[in-house]
Amino acid sequence: MSQERPMADVRFATVAEVALLMRVSKMTVYRLVHSGELPAVRVGRSFRVPESAVHDYLRTSFIDTA
């Protein structure tokens, strides 16, 4: 059974907002979007990234440095 939220409940962030949240450059976010590592929706000439996708990406990107 799918756990997807209704589209009305999905919150989107701009590339600039994602960059601030992740503390990386906007270019890094664009690279993640274009490589498919970070899902995004194209709106006109810009991208919007679901906030849940940012959190999922960060959660799965942790590495064990010990």
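Up top is the structure.
Residues numbered from 1 in each chain as written. Predicted model: local features only at pLDDT ≥ 70, side-chain atom pairs only at ≥ 80, totals over all residues. Heavy atoms only, no water.

**Focus on the packing of helix α1 (residues 15-22) against helix α2 (residues 26-35)**
Closest axis-to-axis distance for the α1/α2 pair is 8 Å, and the angle between their directions is 105°. When the axis of α1 is compared with that of α2, the two are roughly perpendicular. Contacts between α1 and α2 involve Val15, Ala16, Val18, Ala19 and Met22 from the first element and Lys26, Val29, Tyr30 and Leu32 from the second. (Axes fitted to C-alpha atoms, helices over the stretch in contact; angles between N-to-C directions. Helix = DSSP H or I, 4+ residues; strand = E, 2+ residues; numbered from the N terminus. Parallel < 35°, antiparallel > 145°, perpendicular 65-115°, else oblique. Contact = heavy atoms within 4.5 Å.)

**Observations concerning the pattern of salt bridges**
One side chain can pair with another of opposite charge once the charged atoms of both are near each other. Evaluation of the coordinates by the stated rule reveals 2 salt bridges. Here Glu51 ties to Arg11 by a salt bridge, and the two come within 3.3 Å at their closest N and O atoms. Here Glu51, found in helix α3 (residues 51-61), pairs with Arg11, found in the segment before β1 (12-14); they are 40 residues apart in sequence, far enough to count as distant. The shortest N-O distance in the salt bridge between Asp56 and Arg59 comes to 2.5 Å. Separated by 3 residues within a single helix, Asp56 and Arg59 lie in helix α3, roughly one turn from each other. (Salt bridge = Lys/Arg side-chain N within 4 Å of Asp/Glu carboxyl O.)

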